[in-house]
Structures are given as C-alpha cells and as structure tokens.
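Observations on the model geometry
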Amino acid sequence: EPEVTQTPSHQVTQMGQEVILRCVPISNHLYFYWYRQILGQKVEFLVSFYNNEISEKSEIFDDQFSVERPDGSNFTLKIRSTKLEDSAMYFCASPGGLDSPEQYFGPGTRLTVT
Amino acid sequence: QKEVEQDPGPLSVPEGAIVSLNCTYSNSAFQYFMWYRQYSRKGPELLMYTYSSGNKEDGRFTAQVDKSSKYISLFIRDSQPSDSATYLCAMRKETSGSRLTFGEGTQLTVNP
C-alpha cells in the first residue's frame, strides 16, 4: 500500500495558538486531501488541493484554516487561533495513482487544544 | 437526512463467523464505494473499493453494491480476532478529485 506520512503524531497546544500540521503525500500526484475526525465521530472532509490550489473545501474549512505546499514534497495544514473544538485527529490523504479514485490515508496527527 | 448512514454497532461475533457490514446512502451521484478499516487513533486503512454496482472479492472480504437500493455491504468470511476494528464505508462521485463522504463506522469485535 502506498505510504503517506504525517508529523507530528501528537500536538498539544493552548487555545488561541497557531499550529501547523505536516504531510508527505504519495509523490507525483496532483490531488491531496485533509480530513479530520473528532473523537468518537465520523471522518469529515476539510479540503482538497489540486495543482497548488484549493480545489474544494467544506463548511468546516473556514478562515482559520489554510493549506500550502511549501515545497515539492510537503503539504501543510495551518490552523490559526485554535479553539477547543479543533481537538481531533487530522488525516492527510493521497490518491493511489494519477487517475485512481481510491485515497490512502496517513497515520494522522492528534491535535489536543487545551 | 445524512448522505451516508452506517449502524455504529457495536457488533460482536465468535471467531469463524461470517460478518455483514452495511451502509445506505442518499446521493445518487456516488459512483465509487470504499471500505476502510480503522484501529483506535490510527488512520483509515483501505480494504477495497468498487465502482458502480456489483461484487468484488479479495480473500476473505467481499464488497457488494446495489445502486438501485442505495445499499452497500462488506462481508467478512471466517472472521478472525485480528479483524476486530472499526469498519468505515466511504463513497465519492465520479468527478476527478472528489471528496470522500464517510459513514459513522461500525465497531466489530471478533471473540476467540
């Protein structure tokens, strides 16, 4: 199975602070995705990123969120001014191939906002 | 109405049983149907996916899609304790790059 990696595995931050979550997706693909999962709830789509631009975003992905591809291999999700309700697992995902419909998920970053 | 509905369980079966996991959906635009397995605090692991209606088999796992009923199933034969996990259904439209929409997940325990 293709591998997606994410760092850090666990991030603890205080309310109001900014956090940056990092992902190294499967290489040579144009689509990347971020999802989140609040403990005990379903996995929810946040944003998709295509060719260095946001392709689609959900209603969750408001102005406190941003995504970037700072270099050719990394992909980041920034959360400005974190809130308690941002505590969740955040997953990055990549398609299996250039035209593949399936998505492979990274191990996730557990974000705890105190 | 939720786009994807999945009974959260929990479901507990003895080792060797046949397990049936199901999801229903409301959006007729969904064309790809996926099953993921997730262990606690880990990322979803893709088991298999199907396109449109029909069956697909991979080892002990069989996925079925009935688009007329908007109903999908995952069957696990000869279930093992190592199959104990949460099983997530997910689906997406055919449009390139479409998001996945997930069900709530069904928690399965296979007892030795």
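Our subject in this report is the structure included herewith.

Rules and cut-offs
- Residues numbered from 1 in each chain as written.
- Chains lettered and ligands numbered in written order.
- Predicted model: local features only at pLDDT ≥ 70, side-chain atom pairs only at ≥ 80, totals over all residues.
- Heavy atoms only, no water.
- Helix = DSSP H or I, 4+ residues; strand = E, 2+ residues; numbered from the N terminus.
- Rg over C-alpha atoms; globule rule 2.2 N^0.38 Å.
- Buried < 20%, exposed > 50% of the residue type's maximum accessible area, 1.4 Å probe, protein only.
- Contact = heavy atoms within 4.5 Å.
- Areas by Shrake-Rupley, 256 points an atom, 1.4 Å probe, with all protein chains shown as cover.
- Pairing = 2+ DSSP bridges.
- Axes fitted to C-alpha atoms, helices over the stretch in contact; angles between N-to-C directions.
- Disulfide = S-S within 2.5 Å.
- Buried area = accessible area lost by both parts, 1.4 Å probe.
- Salt bridge = Lys/Arg side-chain N within 4 Å of Asp/Glu carboxyl O.
- Polar contact = N/O pair within 3.5 Å; in protein donor to acceptor, adjacent residues only side chain to side chain.

A short note on the overall build of chain A
Across its full length, chain A carries 0 helices and 11 strands. Across chain A, helices and strands are ordered from the amino to the carboxyl terminus as β-β-β-β-β-β-β-β-β-β-β. At 13 Å, chain A has a C-alpha radius of gyration in line with the 13 Å of a compact globule built from 114 residues. Referenced to the eigenvectors of the C-alpha coordinate spread, the extents of chain A come out at roughly 40 × 25 × 25 Å. Out of the 114 residues belonging to chain A, those deemed buried represent 47%. Of the contacts formed within chain A by residues at least 6 apart in sequence, a portion of 52% connects residues at least 24 apart. When the accessible surface of chain A is split by element, carbon and sulfur atoms take 45% of a total near 5500 Å².

Comments concerning the sheet that holds strand 7 (residues 61-66) of chain B
Residues and elements named next belong to chain B. Taken together, the 5 strands give an open sheet; going across it, the order is 1-3-8-7-6, and neighbouring strands pair in antiparallel fashion. Bordering the open sheet on either side are strand 1 (4-6) and strand 6 (54-58), each of which pairs with just one other strand. Ignoring which end each strand starts from, the neighbouring axes of this sheet average 15° apart. Pairing between strand 7 and strand 8 (residues 71-76): 6 bridges, direction antiparallel. The partner of Gln64 across the bridge, within strand 8, is Ser73.

What to know about the state of the cysteines
What the rule picks out here adds up to 2 disulfides over all chains. In this model Cys23 of chain A forms its disulfide with Cys92 of chain A; the gap between the sulfur atoms is 1.8 Å. Given an S-S torsion of about -50°, the disulfide between Cys23 of chain A and Cys92 of chain A has left-handed geometry. Within this pair, whereas Cys23 of chain A is found in strand 3 (residues 19-24), its partner Cys92 of chain A is found in strand 9 (residues 88-95), the two being separated by 69 residues in sequence. The pair Cys23 of chain A / Cys92 of chain A is uniform in exposure class, with both members buried. Each disulfide pairs two cysteine sulfurs, and for Cys23 of chain B the partner residue is Cys89 of chain B, the sulfurs being separated by 2.0 Å. Here the disulfide of Cys23 of chain B and Cys89 of chain B is left-handed, its torsion about the S-S bond being about -105°. Taken together, the residues Cys23 of chain B in strand 3 (residues 19-25) and Cys89 of chain B in strand 9 (residues 85-93) connect sequence positions 66 residues apart. The exposure class assigned to Cys23 of chain B is buried, which follows from its relative accessible area of 1%. You can call Cys89 of chain B buried: its relative accessible area is 0%.

Considering the pairing of strand 5 (residues 45-51) of chain B
Note on strand geometry: in a regular strand, side chains alternate between the two faces of the sheet. Residue and element names in this part refer to chain B. When strand 4 (residues 30-38) meets strand 5, the two strands line up antiparallel, connected through 6 bridges. The partner of Trp35 across the bridge, within strand 5, is Met48. The turn joining strand 4 and strand 5, which pair antiparallel and follow one another in sequence, is formed by 6 residues; a positive phi near 60° is taken by Arg41.

A few points about the interface of chain B and chain A
Between chain B and chain A, the contact holds 21 residues from the first and 24 residues from the second. Buried surface at the junction of chain B and chain A, summed over both partners, amounts to about 1900 Å²; 53% is from carbon and sulfur atoms. On the chain B side of the contact with chain A, Arg41, Arg99 and Phe102 of chain B bury the most area, a combined 33% of that side's loss. The interface formed by chain B and chain A contains 1 salt bridge. Measuring nitrogen to oxygen at the nearest pair gives 2.8 Å for the salt bridge that ties Glu56 of chain A to Arg99 of chain B. Taken together, the links from chain B to chain A amount to 8 residue pairs in polar contact (both at pLDDT 80 or more). Secondary-structure elements contributing two or more residues to the side of chain B that touches chain A are strand 4, strand 5 and strand 9 of chain B.

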